[in-house]
Amino acid sequence: MRLRSQLALLLALFALVPIAAALIPVVSALARALAEEHAARLEGASRAVAGELARLSQEAVARVAELSRSPEAEGFARDLSSGLLSPADAASRGAEWMRARGLDVLAVATEDGRVVTSGHLPGRAGDVDPELSPVLAAPPGVAAPRVVTRAGAAGPEPSLALIAWAPLPGEGGLRLAGGLELGADRARRLAALTGGEVTVRAAGGTVLARAAAPLDAGAPLWTRVGMRLGVGLADARRAIPLGAPGGPAGEVEVAVASEGLARAAGAVLAAFLGALCVGAVGALVAGRLVASKVTRPVEALREASARVAAGDLSARVTGKASGEVGELVRAFNEMTQELATGRARLAQAERVAAWREVARRLAHEIKNPLTPIAMSVETLRDARAAGRPDFPEIFEEGTRAIAEEVRRLKRIVDEFSRFARLPAPERTPVAPEELIGAVLALFPSPPPGVTVEREVAPGLPAVLADRDQVLQLLLNLVRNALEAMPAGGVLRLSAIGAGAAVTLSVSDTGPGIPAEDLPRLFEPYFTRKEGGTGLGLAIARRIAEEHGGRLGVESAPGAGTTFTLSLPAAPAGEIGRSLSAPASP
Amino acid sequence: MSAAPRLLPAALALLLTLPGTARAGVRPAYGGEIRVQLPAPPRIADPAQAVDPADVLLVRAVHATPLTIDEAGHLAPGLLEEVPVAAAGGRAFRLRLRAGLRFADGSPLAAPDLAASLTRLLSRDAPNAWVALPVLGADAFLAGRAATLAGVQVLSDRELLVTLAFPLPEWPYALATPAASVISPRGGGAGPFQLQSLDAAGARLLPNPLHWRGRPFADRLTLSGAEARASARALSRGEVDLVLRPEAASPLATPTPALLATVAAVNGRRLGAGAEPVRRLLDSLDRAELGQRFARGPSAPLACLVPPALLPPPGPAEAAGAPGAAPARLVLLASSAAPDQRAVAERIQVRLFDAGVRAALELEEPARFAARLAAEDYDVALVPVPVQPLAPALAAGQVVLAVRGSDAARRAMAALSGPGGLEPAAAGEQARALGRALDLWPLFATGARASTGPALEGLRVGVDGGIDPGDLWRRRGEAQ
């Protein structure tokens, strides 16, 4: 991570920590206050539910008692005992009474508990109902919670009901049991009464009915966030057991979601979170600005150093900086100035040394032919002055020697002139195969004992090259190779692709080049050959470099020598233009 | 001798002598209106479609059958001049009509009308096709491969030759049922009454002077519907003369033979291995208790596809196949039209629940119920089937047709018939095996109760449970 980012983050953290630290006690205090308020509401809701359950119990008792005293019940008991009422007619009566009296559970049973008619489970008629037997064994006129099976749309299903019973008139000993179910409808009513969630459970924990006040379903986002953070009160519940304390038949669980309190908590939390977010963004922006001001000269120094390292000694750091950073900038600029001045002086010294070397070499090269010329002139003068009879022969020999040395001088001058005035290459796309073919065409019959091998990889791209200069280079390398194998060997020319370049190689199987000569091989005037100028390989390297390529050598004593010339491949568009252009005259 | 003719004399005990006939020496009087109240008003007067008791009573009033059942429970001539005698090993019957028969509208009633009436019973959704199913060529006609019924041949204006596909000597009993009534091409009948109007309130009928037995006694006949307590009140006030319904409308109500069978059909393909515990439970149900406690009318347990009035119940059955795991849930389909069906279904629902199976009871109105039954869209279905207890093969054919279709019904009738008939014990076992093979578990059959007012005379309930409205008359001088 960059210094600027580190500084920005550090500054942002300094801004956020106090806000975050303040959030924790505020939330804690808020939660405490809301919990107290909520406990009071839950207590109120529990009392309301308990009151409603008591009212339902009384209602069940009253409805059962009223039905048991009704004329129709009296007639039912009378007709049944006298045999006027068939079992089937009696069995169907329970459902009618249950609907008419607004009861959810209703059954008429004999003293021994055998069901005569059942409204909530009509098919139970004729059986002893094990679910109702405990109710009928209890004193009449008291509603007791009981889980009974009711016929539902998907089949018989358990239901928690408040059931009371009353004796029917007559001597038949019939008992009428009836009750009100704590089902989905009543759970909804209780939920609306408490404003929370009401769950009716059997003793085993099975959920029989559940309903929630409509308000909770659409709780806004901040309220839900508050509940998530622990300020909310959704989990506060209270269970009201139904039935005997030792073995309750079930329970009604109340959960009050104090919507208003939770909303207030959510609003406070939202304000804090908003402040936290705004503070974080502001701190980041401010930190970035400050860090930017502090680190700008340092960034400029880093960039200038990179330019100097890449050889650009003109790089300078501009801009204002103060203090230690300002002194550092000034020292850097002075240092680069010194470096540039020193490099210029060094270049000047190198140029002088080079000229001296050229002059020395030139004087040496020219001085060698001058001595024979001077000696030949002296011999001719002496012979003419002595009137020697063999003067014509001496003249002939002397002038021939002079002419030979003059040609040698001319050749030396030409070599130097060519080295000094090598023209800029005119590069066009040339196929590597054509270059190798053109070189080998100059040696239609290799020297005795030399075997020529040629290997060109298929599909090589063309290279951008001045065809004549590269041919001169390759010809030089081939001559050197042949000279290195006077007793014969293998001359091998090859071309292979190497990424965006093509490498042309010239190998021989000669004695190789001594390791100490390899570093100086391409220096001008370095030669081990008798009569060599030492400019051939220097010119070859210069041609390679002016083509944007590279000339290298690998050699070991006794293992031959391989020169490699790497030339950049011509771009596809260049090849197209070259191929479509008319031929040069 | 077949089982049915042997048993029918014994069924004389079911021939009910009601207050009217008990008053010996009182001469029947003409005139007055007979008012009959049923659980629901009749809606259909077509013999091919009528299955509801109210509709069947209307058919009996409007139409005439080729044969009748006499007081001794034997076949007697109706529109036919004589009871046909079986020929060709119980496969051929020559039917000869009385001379001079006419429909109520005055048009002549001839053999082609009888042939057409038999043929029109055969359609895919006709509940009374069982009458004509044994006739030769019935399967091809039903499948649309034949335009006419090959086994019905009109010999003359008065003669018809009926050839059956398999020996069924008891087949003439089918000609004594309302389904075999002769209907005119215009839909009219030749019964003791003719229809004056039919609407939601009921049917109003006038006497048919062209009836083969002559004009009926009453000047008018009214068939209406009401619920049980309203009917009882109306009877006590003298507002109706006869109440026919499962519940008694008066202390002197008389039960009629059990004509409505309740059969449980198991869909083994849907239940798979879970079907076997369900079959065992259905097999183990106390049928007598089921009928007595949950059916409002008089009931008789069914041990096999044939009512006990025709066959002695077979001995105790062996347990069904290998036990399997009971299904956790299943769909119990029942018709919402009959209250008894709902009560029985609720009882079976509780029995299944006690056995660990939760059954969802789905009540459907009759048309939808029939569609789901035909599509086998159920796990267990309770099917109410009207059965004419006249001959074992015919009774079995009615039950199987209602649940499993015409092909199975033909096979069932063929299995329980034969040139010489089956011994009663063997026929009982055969009927039970047939039921199991078709996954049908007969439960019980219920009848109705006839409650009469003080002025009504002439009421006679036959062994087939039928009441001929033409027999009814009012005592002279009784207030209406």
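For the structure itself, consult the block above.
Residues numbered from 1 in each chain as written. Chains lettered and ligands numbered in written order. Predicted model: local features only at pLDDT ≥ 70, side-chain atom pairs only at ≥ 80, totals over all residues.

> How would you sum up the overall build of chain A? Please name residues and give values.
A count of helical and extended segments in chain A gives 14 helices and 16 strands. A total of 585 residues make up chain A; the buried ones form 32% of that total. (Helix = DSSP H or I, 4+ residues; strand = E, 2+ residues; numbered from the N terminus. Buried ≥ 20, exposed ≤ 12 C-beta atoms within 10 Å, placed from the backbone.)

> Got a sec to walk through the sheet that holds strand β5 (residues 175-181) of chain A? Specific residues and values, please.
Hydrogen bonds between backbone atoms are what pair the strands of a sheet, whose relative direction is either parallel or antiparallel. Residue and element names in this part refer to chain A. One open sheet accounts for 5 strands, arranged β2-β1-β5-β4-β3; its pairing is antiparallel. Both edges of this open sheet fall to β2 (115-118) and β3 (144-152), since each of them pairs with a single strand only. Here the strands of the sheet are splayed against their neighbours by 35 degrees on average, with no regard to which way each runs. In this sheet, strand β4 (residues 155-167) lies alongside β3 in antiparallel orientation, the contact comprising 9 bridges. The partner of R146 across the bridge, within β4, is A161. (Pairing = 2+ DSSP bridges. Axes fitted to C-alpha atoms, helices over the stretch in contact; angles between N-to-C directions.)

> Account for the packing of helix α12 (residues 467-484) of chain A against helix α13 (residues 536-546) of chain A, with residues named and values stated.
Residue and element names in this part refer to chain A. Where α12 meets α13, the closest approach of the two axes is 10 Å, and the angle between their N-to-C directions is 140 degrees. Seen from above, α12 lies across α13 with left-handed handedness. When α12 is examined against α13, the residues Q469, V470, L473, N476 and L477 are found in contact with a partner set consisting of G536, A540, I543 and A544. Residue composition of the contact of α12 with α13, grouped by class: 6 nonpolar, 3 polar and no charged. (Left-handed = near helix turned anticlockwise from the far one by under 90°. Contact = placed C-beta atoms within 7 Å. Nonpolar A, V, L, I, M, F, W, Y, C, P; charged D, E, K, R; others polar.)

> Please set out the interface of chain B and chain A residue by residue, giving values where relevant.
Every contact between the two is made by 17 residues of chain B and, on the other side, 17 residues of chain A. Among the secondary structure elements, those contributing two or more residues to the side of chain B that touches chain A are α9 (287-294), α10 (339-354) and β16 (358-364) of chain B. Among the elements that line the side of chain B that touches chain A, the one with the most residues is α10(B), at 6 residues.

> Tell me what's going on with the environment of P308(B), and back it up with residues and numbers.
As for its placement among the helices and strands, P308(B) is situated in the loop between β14 (299-301) and β15 (329-335). On the basis of neighbour count, P308(B) is assigned to the partly exposed category, with 17 C-beta atoms found within 10 Å.

> How would you sum up helix α11 (residues 432-441) of chain A? Please name residues and give values.
Residue and element names in this part refer to chain A. Among the residues of α11, P432, L435, I436 and V439 are the ones counted as buried. Mapping the buried residues of α11 onto a view down its axis gives an arc of 95 degrees, with all of them on the same face. Its buried side turned inward, α11 meets β10 (428-430), β11 (450-456), β12 (463-465), α12, β13 (489-498) and β14 (501-508). (Arc of directions from axis to C-beta.)

> I'd like a description of the sheet that holds β14(B), backed by residues and values.
Residue and element names in this part refer to chain B. Pairing is mixed across the open sheet formed by 6 strands, whose spatial order is β14-β18-β13-β17-β15-β16. Taken across any chain shown, the strands that pair with only one partner, and hence form the sheet edges, are β14 and β16. For this sheet, the mean angle separating the axes of adjacent strands, direction not counted, is 25 degrees. Pairing between β15 and strand β17 (residues 380-386): 2 bridges, direction parallel.

> Go over the nonpolar core with me, naming the residues and quoting the values.
One recurring pattern in soluble globular proteins: nonpolar side chains tend to sit buried together. Within the largest apolar cluster, 180 residues are counted, with the highest numbers of intra-cluster contacts made by I163(A), L176(A), V263(B), A396(B) and V399(B). If you count residues domain by domain, this core takes at least three from each of domain 1 (9-192 + 448-474) and domain 2 (260-446) of chain B. Excluding its chain neighbours within four sequence positions, the residues that come into contact with V263(B) are V383(B), V385(B), V399(B), V403(B), L440(B), W441(B), P442(B) and L443(B). Judged by nonpolar contacts, the second largest core, of 37 residues, contains A61(B), A448(B), L459(B) and L472(B). (Core = buried A, V, L, I, M, F, W, Y, C linked by C-beta atoms within 7 Å. Domains from an automatic or database assignment.)

> Go over the pairing of strand β7 (residues 159-163) of chain B with me, naming the residues and quoting the values.
Residue and element names in this part refer to chain B. With burial as the criterion, only one face of β7 is covered, namely that bearing L160 and V162; the residues E159, L161 and T163 on the opposite face remain uncovered. Here strand β5 (residues 92-96) runs beside β7; their pairing, made up of 5 bridges, is antiparallel. When the bridges of β7 are listed, L95 appears paired with L160. Two successive antiparallel strands, strand β6 (residues 152-154) and β7, enclose a turn made up of 4 residues.

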